[in-house]
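# Understanding the architecture of this molecule
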Amino acid sequence: MITSYDQLTIKQYLQLKLIAELESDPLIRKMKMLAEVSGQTLEWAEALPIGELVSRLEKLDRIAEIPEGGKVNMKLKAGGKKWILKWRTQDLLGSQYIDSMHFLKDETKIEKNIHNVLASIAVEVNWYGKELPYDGNNHKERAETFKNELKMAQVYPIYVFFCEYYKTLTDNIQTYLMAEAEKVVKEVAEHFETSGVGLQP
């Protein structure tokens, strides 16, 4: 049985949140959560001797104690591979921007989509540290791998980071893209001027 918040995977954490939101009966809610962190069914929890059930439920209460702080580590290991998170504006590809903004557009859903956000900005690196090309077609597979394997001990500080800097990040990205677009328009205009064609008003 998982006895610490840090040991939860993203999938288990999201499932516990869902149970907490949907189950109104406090005892059934705790028993469902106990079954989830134990990798068992509700029937298993219901069949436990009362002494053991109480003991396990007490441990379950400690799981809910989310640790404060935590180091933000932008390097991940999942699916037998190494990944690096490219969160800085200048490091993102256009396709990564589109993918990540799809999951960041609603600030209230960042938590539920943290594995999708990570999959959008993660780039695989080989064992020599060389970055491999980003492939948006593998997003779903990446997201599921992160959801099933990454522990909240590493993910939660990243989630807090995105929540705190969400607006700044999105504003910076949009400003950067606008600046790049203006730069391209200027270069095209200069090209036409030097070639003698000129731009029509």
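Up top is the structure these notes are about.
Anyway, here's the lowdown on the structure attached to this text.

A separate point is the packing of aromatic side chains. If you walk through the whole model with that rule in mind, you get one aromatic pair. Relative to F146, the ring of W83 has its centre 5.4 Å away and its plane inclined at 90 degrees; by these criteria the two rings are edge-to-face. Of the two residues, W83 is situated in strand β2 (residues 81–85) and F146 in helix α7 (residues 139–149); the sequence distance between them amounts to 63 residues. One exposure class covers both W83 and F146, and it is buried.

Attention now goes to the sheet that holds β2. Spatially, three strands are ordered β1-β2-β3 in an open sheet, and the strand pairing comes out antiparallel. Only two strands of the sheet have a single neighbouring strand rather than two, namely β1 (75–78) and β3 (122–125). Shown here is a sheet whose adjacent strand axes are inclined to one another by a mean of 35 degrees, direction ignored. Relative to β3, β2 is paired through four bridges, and the arrangement is antiparallel. When the sheet's bridge partners are listed, L85 is paired in β3 with A122. Here α7 sits on the sheet in contact with β1, β2 and β3, set at roughly 90 degrees to β1.

We now examine the nonpolar core. Counting residues in hydrophobic clusters, the biggest one holds 41 residues, and the most contacted among them are I10, L85, L118, F146 and L150. No other element matches the six residues that helix α8 (residues 152–195) contributes to this core. Apart from residues no more than four positions distant in its own chain, I10 is found in contact with I114, H115, L118, F146, K147, L150, M152 and V155.

Moving on to the environment of I158. Positionally, I158 belongs in helix α8. When its relative accessible area of 0% is taken as the criterion, I158 is described as buried. Considered as a pair, I158 and I114 are 44 residues apart in the sequence and their alpha carbons are 8.8 Å apart. In contact with I158, not counting residues within four places along its chain, are V72, N73, L76, L85 and L118.

Relative to each other, helix α1 (residues 10–22) and α7 sit at 75 degrees, their axes nearing to 4 Å. On the basis of the axis angle, α1 is roughly perpendicular to α7. Judged by residue contacts, I10, K11 and L14 of α1 engage F146, K147 and N148 from α7. Among the residues making up the contact of α1 with α7, the classes are represented as three nonpolar, one polar and two charged.

Counted by the stated rule, this structure contains four salt bridges. Here K17 and E111 are joined by a salt bridge, their closest N and O atoms 3.5 Å apart. Placement of K17 in helix α1 and of E111 in the loop between α5 (94–104) and α6 (114–121) is noted, with a sequence separation of 94 residues between them. You can call K17 partly exposed: its relative accessible area is 32%. Residue E52 pairs with R56 through a salt bridge whose shortest N-O separation is 2.9 Å. In this pair, E52 and R56 are both assigned in helix α4 (residues 50–63), four residues apart and thus about one turn of the helix distant.

What counts and what doesn't
- Residues numbered from 1 in each chain as written.
- Predicted model: local features only at pLDDT ≥ 70, side-chain atom pairs only at ≥ 80, totals over all residues.
- Heavy atoms only, no water.
- Phe/Tyr/Trp six-rings, centres within 6.5 Å; stacked < 30°, edge-to-face > 60°.
- Helix = DSSP H or I, 4+ residues; strand = E, 2+ residues; numbered from the N terminus.
- Buried < 20%, exposed > 50% of the residue type's maximum accessible area, 1.4 Å probe, protein only.
- Pairing = 2+ DSSP bridges.
- Axes fitted to C-alpha atoms, helices over the stretch in contact; angles between N-to-C directions.
- Contact = heavy atoms within 4.5 Å.
- Core = buried A, V, L, I, M, F, W, Y, C linked by side-chain atoms within 4.5 Å.
- Parallel < 35°, antiparallel > 145°, perpendicular 65-115°, else oblique.
- Nonpolar A, V, L, I, M, F, W, Y, C, P; charged D, E, K, R; others polar.
- Salt bridge = Lys/Arg side-chain N within 4 Å of Asp/Glu carboxyl O.

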